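Residue strings, one per chain:
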Amino acid sequence: MDYPCQFNNLCWYRLKVDLLNIRYGPIVKEHPLSIIQAIIKGATTRAFPGRDINQFRILFHIKNKSHTFRLSEQTVIPLEIFFVQMSEAEVNKWLKSFQDYLNDPETGKNFNIINLIPIEQRSFKILY
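As the structure is a computational prediction, the values presented were derived from the model and not from experiment.

Enquirer: Help me understand the packing of aromatic side chains, please; the structure alone is not making it clear to me.
Expert: The relation between two aromatic rings is expressed through the spacing of the ring centres and the mutual angle of the planes. Applying the stated criterion across every chain, the model contains three aromatic pairs. Taken together, a centroid distance of 4.3 Å and an interplanar angle of 20° make the contact between Phe-48 and Phe-56 stacked. The two residues Phe-48 and Phe-56 agree in class, both being buried. Three or more aromatic residues link up through ring pairs in this structure, and these residues are Phe-83, Trp-94 and Phe-98.

Put into structure tokens, the structure is as follows:
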């Protein structure tokens, strides 16, 4: 199949990870999207200190959950995280930072990684 030229060289990386909510208190009112966004921002800031994190194109999707999804203790959050216009080295650096962020007693006290599928390179050529 032939794609318009702007798609021929487009590639991105995908990370699949399942997070287990290990702590949840009645004070937490934030939507899970906001919580995941904060984790991604924290991991990005930690991976690339001093750089403008808005330059990184990191998107995420919580799989098989509706927009009304709410957290409770022991909830599993199936995530797909996409990295666009980032090198493989940058993505691997981000992944290490993400794992460190969630293993840190201060920043990672609410979630554990229970499943992690290695980063996959994706492109239109690979998908179709």
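This is not the end of the story, as more comes after the structure.
Enquirer: Just checking my understanding: could you explain the packing of helix α2 (residues 32-47) against helix α3 (residues 88-103) for this structure?
Expert: Angle between the axes and distance between the axes: these two values describe a pair of packed helices. Look at α2 against α3: their axes get within 8 Å of each other, and the N-to-C directions meet at 115°. Helix-helix and strand crossings are classified by hand; for α2 and α3 the assignment is right-handed. Across the interface between the two elements, Ala-38, Ile-39, Ile-40, Gly-42, Ala-43, Thr-44, Arg-46 and Ala-47 from α2 touch Lys-93, Trp-94, Ser-97, Phe-98, Asp-100, Tyr-101 and Leu-102 from α3. Partitioned by chemical class, the residues of the contact of α2 with α3 number nine nonpolar, three polar and three charged.

Enquirer: I tried to follow the pairing of strand β1 (residues 11-21) on my own but got confused; where do I start?
Expert: On a regular strand, each side chain points to the face opposite its neighbour's, so the side chains alternate between the two faces of the sheet. Judged by how many residues are buried, β1 sits mostly within the fold: eight of 11 residues are covered. Taken together, the 10 bridges between β1 and strand β4 (residues 111-123) define a ladder with antiparallel strand orientation. Its bridge partner lying in β4, Lys-16 is registered against Ile-117.

Enquirer: Please explain the nonpolar core as it appears in this structure.
Expert: A general feature of soluble globular proteins is that nonpolar side chains tend to end up buried together. Counting 28 residues, the largest nonpolar core has Leu-19, Ile-77, Ile-81, Phe-83, Trp-94 and Phe-98 as the members making the most contacts within it. In contact with Leu-19, not counting residues within four places along its chain, are Ile-36, Thr-75, Val-76, Ile-77, Leu-79, Phe-98, Leu-102, Phe-111, Asn-112 and Ile-113.

Enquirer: Would you mind showing me how to read the sheet that holds β4 here?
Expert: Within a sheet, neighbouring strands are paired by backbone hydrogen bonds and run either parallel or antiparallel to one another. Taken together, four strands build an open sheet; the order of strands is β2-β3-β1-β4 and the sheet is antiparallel. Because the sheet does not close on itself, it has two edges, and the strands there are β2 (57-62) and β4. Here the average twist between neighbouring strands, direction ignored, is 20°. Where β2 meets strand β3 (residues 76-84), six bridges bridge the pair, whose relative direction is antiparallel. In the sheet register, Ile-62 faces β3, and the bridge partner there is Leu-79. α2 rests against β1, β2, β3 and β4 of the sheet, and its axis sits at about 145° to β2. Taken strand by strand, α3 contacts β1, β2, β3 and β4, and its axis lies near 175° from that of β4.

Parameters at a glance
- Residues numbered from 1 in each chain as written.
- Predicted model: local features only at pLDDT ≥ 70, side-chain atom pairs only at ≥ 80, totals over all residues.
- Heavy atoms only, no water.
- Phe/Tyr/Trp six-rings, centres within 6.5 Å; stacked < 30°, edge-to-face > 60°.
- Buried < 20%, exposed > 50% of the residue type's maximum accessible area, 1.4 Å probe, protein only.
- Axes fitted to C-alpha atoms, helices over the stretch in contact; angles between N-to-C directions.
- Helix = DSSP H or I, 4+ residues; strand = E, 2+ residues; numbered from the N terminus.
- Left-handed = near helix turned anticlockwise from the far one by under 90°.
- Contact = heavy atoms within 4.5 Å.
- Nonpolar A, V, L, I, M, F, W, Y, C, P; charged D, E, K, R; others polar.
- Pairing = 2+ DSSP bridges.
- Core = buried A, V, L, I, M, F, W, Y, C linked by side-chain atoms within 4.5 Å.

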